[in-house]
Amino acid sequence: HILDNLDRAILRCYDVLKKGGKIVVAEGVPPTDDQEVVEWYTNMFKLKEKRRTFSIGILESYLKKNGFKDIQTHVHVMKKFSINNWLDNSGISREKQKKIYSLHVNASKKVKDAYNMKIIKNECFVRTVNLIVKGKKWLHSLEIDRGANLKNKKSNLGTIFITGISASGKTTLGKRLLNDLIES
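Residues numbered from 1 in each chain as written. Predicted model: local features only at pLDDT ≥ 70, side-chain atom pairs only at ≥ 80, totals over all residues. Heavy atoms only, no water.

Novice: Break down the packing of aromatic side chains for me, with residues and values.
Specialist: Throughout the structure, instances matching the rule amount to 4 aromatic pairs. Geometrically, the ring pair formed by Tyr 14 and Phe 68 is edge-to-face, given 5.0 Å between the ring centres and 85 degrees between the ring planes. Of the two residues, Tyr 14 is situated in helix α1 (residues 6-16) and Phe 68 in strand β2 (residues 68-82); the sequence distance between them amounts to 54 residues. Take Tyr 14: its relative accessible area is 2%, and that puts it in the buried class. Ring centres 4.9 Å apart and planes at 55 degrees place the aromatic pair Tyr 41 and Phe 45 in the tilted group. With a gap of 4 residues between them, Tyr 41 and Phe 45 both fall in helix α2 (residues 35-48), about one helical turn apart. Classification of Tyr 41 by relative accessible area gives buried; the value is 5%. Connected via pairs of aromatic rings, a cluster forms that spans Tyr 41, Phe 45 and Trp 86. (Phe/Tyr/Trp six-rings, centres within 6.5 Å; stacked < 30°, edge-to-face > 60°. Helix = DSSP H or I, 4+ residues; strand = E, 2+ residues; numbered from the N terminus. Buried < 20%, exposed > 50% of the residue type's maximum accessible area, 1.4 Å probe, protein only.)

Encoded structure:
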């Protein structure tokens, strides 16, 4: 979600993977495609970092147009995600943390409902949605070298994992779930 040229990055991943290698992209997304909720999500994250906002279809289309096949998407929902904990571990300034917390607490009813937001003793809990999109590199007899000059180089990369789940590294999506997806 922080790359300027996503096509180039995904194409590069394709080029360095061995035949049959997999790419796994994990990314948080708004809980609905409702425009008000998507705008709120986008504006809230602008306070934390420069990033893009994705949907299921967008991530799948990036993988497909860059050569990946057998694209599968898993939607992972965390029903009681603590915004307080996320902010405490975000690495951003207290001032920005307060602004983001305030945006949650003062969000419209539509946004609060979309997130199933609950405030319990000043702790904000939301329902988050994360996508895990997996694609496989297939080489066909008519496959061309796409300018990466890797045609004659052997790659031993079997899996590339790209995550937008946690910038701090202190939160995980569930290693067992991700391992199951990578191995399948």
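From this point, the narrative continues.
Novice: Pulling in residues and values, what's your account of helix α5 (residues 94-105)?
Specialist: The terminal C-alpha atoms of α5, which comprises 12 residues, lie 16 Å apart, in line with the 16 Å expected from a rise of 1.5 Å per residue. Listing the buried residues of α5 in full gives Gln 97, Ile 100 and His 104. In a view along the axis of α5, the buried residues occupy a sector of 70 degrees, so they form one face of it. Summarising the geometry of α5, the exposed residues directed more than 90 degrees from the buried face are Glu 95 and Lys 98. Lining the buried residues of α5 we find α2, α4 (83-88), α6 (109-114) and β4 (123-137). (Expected span 1.5 Å × (residues − 1). Arc of directions from axis to C-beta. Contact = heavy atoms within 4.5 Å.)

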